[in-house]
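# Working through the structure, step by step
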Amino acid sequence: MTRTGIFGGTFSPPHRGHIRAAAAFVSEMKLDRLLVIPACIPPHKSIDDPGPDLRLEMTLAAFSDNAGFSIPVKVSDYEIRKSGVSYTVDTLEHFSDPDTELFLLCGGDMFESLESWREPERIFSLASVVGIMREDGTEQEMRKYAERYRKKYGAKCYVLGERALEVSSTLLRTMIKRGENTEEYLSPEVRRIIEREKLYR
Ligand code: ATP
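Residues numbered from 1 in each chain as written. Predicted model: local features only at pLDDT ≥ 70, side-chain atom pairs only at ≥ 80, totals over all residues. Heavy atoms only, no water.

## Examining the packing of helix 2 (residues 52–62) against helix 9 (residues 188–197)
Running from amino to carboxyl end, helix 2 crosses helix 9 at an angle of 155 degrees, the nearest separation of the two axes being 8 Å. Comparing the axis directions of helix 2 and helix 9 gives the class roughly antiparallel. Of helix 9, the residues touching helix 2 (which contributes Leu54, Glu57, Met58, Ala61 and Ala62) are Glu189, Val190, Ile193, Ile194, Arg196 and Glu197. (Axes fitted to C-alpha atoms, helices over the stretch in contact; angles between N-to-C directions. Helix = DSSP H or I, 4+ residues; strand = E, 2+ residues; numbered from the N terminus. Parallel < 35°, antiparallel > 145°, perpendicular 65-115°, else oblique. Contact = heavy atoms within 4.5 Å.)

## Observations concerning the pairing of strand 2 (residues 33–38)
For strand 2, the buried fraction is high: five of the six residues fall into the buried class. With respect to chirality, the unit in which strand 1 (residues 2–9) leads through helix 1 (residues 16–28) into the neighbouring parallel strand 2 is right-handed. Bridging between strand 2 and strand 3 (residues 73–75) involves three bridges; their strand directions are parallel. Looking at the pairing, Val36 lines up with Val75 of strand 3. (Buried < 20%, exposed > 50% of the residue type's maximum accessible area, 1.4 Å probe, protein only. Right-handed = clockwise from strand over helix to strand, strands pointing away. Pairing = 2+ DSSP bridges.)

## With respect to the pattern of salt bridges
One pass over the structure, following the stated rule, counts 18 salt bridges. A salt bridge links Arg3 to Glu101; the nearest nitrogen and oxygen atoms lie 3.7 Å apart. Of this pair, Arg3 sits in strand 1 while Glu101 sits in strand 4 (residues 100–107), and the two are 98 residues apart along the sequence. Judged by its relative accessible area of 25%, Arg3 is partly exposed. A salt bridge links Glu197 to Arg196, with the shortest nitrogen-to-oxygen separation between them at 2.8 Å. Among the residues examined, Glu197 registers a relative accessible area of 34% and is labelled partly exposed. The class of Arg196 is partly exposed, set by a relative accessible area of 48%. Overlapping salt bridges, with partners in common, bring together Arg3, Glu101 and Lys156 in one network. (Salt bridge = Lys/Arg side-chain N within 4 Å of Asp/Glu carboxyl O.)

## Quick notes on helix 8 (residues 169–177)
When we look at burial in helix 8, the residues that qualify are Ser169, Leu172, Arg173, Met175 and Ile176. Buried residues along helix 8 cover an arc of 160 degrees about the axis, so they all sit on one side. Where helix 8 is buried, its residues contact helix 1 and helix 9. In the segment just after helix 8, Gly179 is the residue with positive phi, at about 75 degrees. (Arc of directions from axis to C-beta.)

## Things to note about the sheet that holds strand 3
Pairing within the open sheet is parallel, and its six strands lie in the order 3-2-1-4-5-6. Two strands lie at the open edges of the sheet, namely strand 3 and strand 6 (157–159), each paired on one side alone. Shown here is a sheet whose adjacent strand axes are inclined to one another by a mean of 25 degrees, direction ignored. Bridge count for strand 5 (residues 127–132) against strand 6 is three bridges, and the pairing is parallel. Each residue of the ladder has a partner; that of Val129, found in strand 6, is Cys157. Packing of helix 2 onto the sheet brings it into contact with strand 2 and strand 3, and relative to strand 2 it is tilted by some 155 degrees. Strand contacts of helix 7 (residues 139–153): strand 5 and strand 6, with the helix running at about 170 degrees to strand 6, the strand carrying the most contacts.

Following this line, the structure appears as structure tokens:
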């Protein structure tokens, strides 16, 4: 069985917090390959959106040259090509295969909201769900949700040992608007696209 990680998000813009989370996901879950999938229209968020094509370009830039990962990392345009609202359950259906075991990465905020997603029980049957703690969450709280999903849905859930880097796309959009230096959090390639298109100003 190929262990395939799925990492979806808005990626507006993709930052080092995403890369660090993906790296912990790959190493702790011993993945064979990783798919990074920018959403077309995310169901949960209304964001300052430069549009799916630019978010895809930035995500490709952030994960270019395999981003130092030792396994194959592919940025997939599946949700963007499909257009419309991107539901994780549809994406998991699309990538599910008898020779593949799917793992879905969620930051703590997303992990704790899983029951409000479309068809949570189907999501849990298609993939193991893997949470990573973000700054505003506690490990105890995440483990409580994991236990609830196991009991209620028979879900396979994991909470990563690695903690998230304290940064979000929202913070970065604010920093860019204020003209602050984002070098610590954004790769030079991503910053070049933001400069070129004058995004988030
Ligand atoms: P926004 O601030 O616009 O809400 P975000 O920084 O949360 O964006 P998304 O693209 O929405 O970024 O996130 C995609 C996935 O990555 C989500 O599961 C989210 O919880 C997770 N994630 C985002 N930032 C981090 C981080 N710093 N560490 C770990 N996971 C993160």
